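These are the residues of each chain, in order.
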Amino acid sequence: MYIHDRINHTVPVFEVSETLKDVIAFFEDTTYSHVAVTENGIYLGLLSENDLACFEPEKKIEDFRYEMEHFFVKKETFWLDVLEMFSRNEANLLPILDNDQLVLGYYSLDDIVDLFIDTPFFKEPGSIIVVSTGVKDYSFSEMAQIVESNNARLLGAFITNAENDMVQITLKIGTQNMNEVAQTFRRYNYIIDFGNSDDQFLEDLKQRSDYLEKYLNV
């Protein structure tokens, strides 16, 4: 996915010798989480909107030199790594540096997410299924085989959670019959966390539960 055309050149970069007056105005007028600071044009770090209450207009940015955060991406950084950087730092604005540590511009989280939503994973018609298995057991090639063995197309898959030795994978599948796909995943010992409402296994389970409850209440 090409993201270079989403570089934002309009968001300001502040010099460490400036006062905090314009930084305060920037955070009050926008919803951005961070803004870049340079020293003699070279990237120094980021001021955070979380520190806004501590900023005083007459003080210099220099006074907060040691409070700055220091994450950034390069122009050649892959878009998935850009998303990870957003998430890891709880940011919605990332400075982009060249090899000389000059700030080329910024990536905005909204712009990158919009690009992601515009991919076939979201735009192609299909169904979503979320499966879980042991962190040492999952295999994307196996999951693709499961999907394709049911005459379906795998439109995309990514890990959405990993904790306590379990991993959760979200898959987008092009098929009209998710029931067969879900049943095959279960035969391969995957747990179905979410699937289409036509999942016959869940329907059968509900019917058996209703029958048992009626029987016990006779």
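Residues numbered from 1 in each chain as written. Predicted model: local features only at pLDDT ≥ 70, side-chain atom pairs only at ≥ 80, totals over all residues. Heavy atoms only, no water.

Caption draft 1: The arrangement of the layout of surface pockets in detail. Volume-wise, the largest pocket comes out at about 230 Å³. Residue lining of the largest pocket: W79, L80, F116, T119, F121, A157, F158, I159 and T160, and that is the complete set. For the lining of the largest pocket, the secondary structure elements donating two or more residues are α2 (79-88) and β8 (153-163). Split into classes, the residues belonging to the lining of the largest pocket amount to 7 nonpolar, 2 polar and no charged. (1 Å grid on protein atoms, 1.4 Å probe; cavity = no way out; pocket = protein on both sides within 12 Å on 5 of 7 lines; lining within 4 Å. Points joined across faces, edges and corners; volume = space filled by probe spheres on them. Helix = DSSP H or I, 4+ residues; strand = E, 2+ residues; numbered from the N terminus. Nonpolar A, V, L, I, M, F, W, Y, C, P; charged D, E, K, R; others polar.)

Caption draft 2: Quick peek at unusual backbone geometry. Positive phi outside glycine occurs at E90, with the angle close to 50°. Relative to the elements of secondary structure, E90 occurs in the loop between α2 and β5 (93-97). Residue classification places E90 among the exposed residues on the basis of a relative accessible area of 71%. (Buried < 20%, exposed > 50% of the residue type's maximum accessible area, 1.4 Å probe, protein only.)

Caption draft 3: Main features of the pattern of salt bridges. Following the criterion strictly, the structure yields 4 salt bridges and no others. For E39, the salt bridge goes to R65, with nearest N and O atoms at 2.7 Å. Of the two residues, E39 sits in strand β2 (residues 34-39) while R65 sits in the loop between β3 (42-48) and β4 (73-74), which places them 26 residues apart along the sequence. For E84, the salt bridge is made with R88, and the minimal N-O distance between the two is 2.9 Å. On the criterion of helical spacing, the pair formed by E84 and R88 is a turn pair, its members being 4 residues apart in helix α2. Looking at E84, the relative accessible area reads 41%, which means it is partly exposed. Taken together, the shared-partner salt bridges in this structure form one network comprising E39, E62 and R65. (Salt bridge = Lys/Arg side-chain N within 4 Å of Asp/Glu carboxyl O.)

Caption draft 4: Expanded view of the nonpolar core. Residues V23, L47, F55, I61 and Y107 are the most contacted members of the largest nonpolar core, which totals 38 residues. Looking at this core, the elements with two or more residues in it are α1 (21-29), β2, β3, α2, β5, β6 (103-108) and α3 (109-117). In contact with F55, other than residues within four places in its own chain, are L20, V23, I24, F27, L47, S48 and F64. Core analysis: the second largest hydrophobic core is formed by 16 residues, I129, M143, Y190 and I192 among them. (Core = buried A, V, L, I, M, F, W, Y, C linked by side-chain atoms within 4.5 Å. Contact = heavy atoms within 4.5 Å.)

Caption draft 5: Quick peek at helix α5 (residues 140-148). Three or more residues of α5 are buried, namely M143, A144, I146 and V147. Here the buried residues of α5 occupy an arc of 160° about the axis, which is enough to place them on one side. Of the exposed residues in α5, the ones pointing more than 90 degrees away from its buried face are S141, Q145 and E148. (Arc of directions from axis to C-beta.)

Caption draft 6: Quick peek at the side chain of T184. Considering the arrangement of structural elements, one finds T184 in helix α6 (residues 178-187). Within polar-contact distance, the side chain of T184 engages the backbone oxygen of E180 at 2.8 Å. In contact with T184, other than residues within four places in its own chain, are I146, S149 and N150. (Polar contact = N/O pair within 3.5 Å; in protein donor to acceptor, adjacent residues only side chain to side chain.)

Caption draft 7: Just α3, in detail. Of all the residues in α3, the buried ones are I112, L115 and F116. Buried residues of α3 fall within an arc of 100° about the axis and therefore sit on the same side.

Caption draft 8: Here's a closer look at the environment of T38. Tracing the chain through its elements places T38 in strand β2. For the pair T38 and V16, spaced 22 residues apart in sequence, the C-alpha to C-alpha distance is 5.9 Å. Setting aside residues no more than four positions away along its own chain, T38 makes contact with V13, F14, E15, V16, Y43, L44 and V103.

Caption draft 9: Highlighting the sheet that holds β4. Spatially, the 3 strands line up as an open sheet ordered β4-β5-β6, and their pairing is mixed. Unpaired on one side and paired on the other, β4 and β6 mark the two borders of the sheet. As defined by bridge partners, β5 adjoins β6 across 5 bridges and the pair is classed as antiparallel. Residue pairing across strands places L97 opposite V103, the latter belonging to β6. Against the sheet, α2 touches β4, β5 and β6, its axis set at about 130° to β5. (Pairing = 2+ DSSP bridges. Axes fitted to C-alpha atoms, helices over the stretch in contact; angles between N-to-C directions.)

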